[in-house]
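# Geometric and topological summary
Now for the letters of each chain:
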Amino acid sequence: MDVAKHVLRSEVTSAIQVNDYINPKNLPQLMLSKIYWVLKASKGDTKDSIPLSTLPFERGNQLRDSELLRYAYAELEESRGSFQPAKKTGEGLLKDPTNTTALSHIRTGFIRFLRRTEGVEAARKYFLAERNSPSCTYQVYVAYAMVAFCLDKDAKVAHKVFELGLKHYMQEPGYILEYADFLSRL
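Residues numbered from 1 in each chain as written. Predicted model: local features only at pLDDT ≥ 70, side-chain atom pairs only at ≥ 80, totals over all residues. Heavy atoms only, no water.

All right, on to the packing of helix α9 (residues 155-169) against helix α10 (residues 173-185) then. Helix-helix packing is described using two parameters, namely the angle between the two axes and the distance between the axes. Running from N to C, α9 and α10 point in directions that differ by 160°, and their axes come no closer than 11 Å. On the basis of their axis angle, the class for α9 and α10 is roughly antiparallel. In terms of crossing hand, the pair formed by α9 and α10 is left-handed. Residues Ala155, Ala158, His159, Val161, Phe162, Glu163, Gly165, Leu166 and Tyr169 of α9 touch α10, and the partners they reach there are Tyr175, Ile176, Glu178, Tyr179, Phe182 and Leu183. (Axes fitted to C-alpha atoms, helices over the stretch in contact; angles between N-to-C directions. Helix = DSSP H or I, 4+ residues; strand = E, 2+ residues; numbered from the N terminus. Parallel < 35°, antiparallel > 145°, perpendicular 65-115°, else oblique. Left-handed = near helix turned anticlockwise from the far one by under 90°. Contact = heavy atoms within 4.5 Å.)

Right under this line is the structure:
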């Protein structure tokens, strides 16, 4: 069984290294699936694990062309305990977004990342800066309010954030639904 496992891993490693036919710009989901497979296959088995150098992140393969791969790279770095590279990658994603939907998801993820790695105050400072941005979406308000409510256990702050967002997003059905969901949890 161990021999078969080792052969499979070496075959997968070879296939990953020879990826001339895969263009990460056109197929980021395939690349991401491959990355997660490698990480899952190498987890907990240090003797025969697939080296992380086989990942596209480590080789520098067109990482800047795919927001999905850059976001996954930030998550990988965070899981390794390398918070500064993860933060740098997240900040890079925030600076050059291709669409507003992706930007709102990146912003909400970044709020959660800051809360996990740097604490409540860093997430608060980021939220305060982002809410004044002209491209701020209601998802930023929802994310910060839910972080305050679920992680910090501070319903008062969450309620104030939702009320503040209500002034800007009264006509946004998604925001109203999120606020109603929050109120039902009280």
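Alright, that's what it looks like, and here's the rest.
Another point: the packing of helix α7 (residues 120-131) against helix α8 (residues 138-151). Running from N to C, α7 and α8 point in directions that differ by 160°, and their axes come no closer than 10 Å. The angle between α7 and α8 places the two elements in the roughly antiparallel class. In the packing of α7 onto α8, the handedness of the crossing is left-handed. When α7 is examined against α8, the residues Ala123, Arg124, Phe127, Glu130 and Arg131 are found in contact with a partner set consisting of Val140, Tyr141 and Tyr144. Along the lines of polarity and charge, the residues of the contact of α7 with α8 split into five nonpolar, no polar and three charged. (Nonpolar A, V, L, I, M, F, W, Y, C, P; charged D, E, K, R; others polar.)

This paragraph deals with helix α4 (residues 67-80). Because each turn of an α-helix spans 3.6 residues, side chains separated by three or four positions end up pointing in the same direction. With 14 residues, α4 should reach 20 Å at 1.5 Å per residue; the first-to-last C-alpha distance of 20 Å fits that figure. Those residues of α4 lying buried are Glu67, Leu69, Arg70, Ala72, Tyr73, Ala74, Leu76, Glu77 and Glu78. Phi for Gly81, located one or two positions after α4, is positive at around 90°. (Expected span 1.5 Å × (residues − 1). Buried < 20%, exposed > 50% of the residue type's maximum accessible area, 1.4 Å probe, protein only.)

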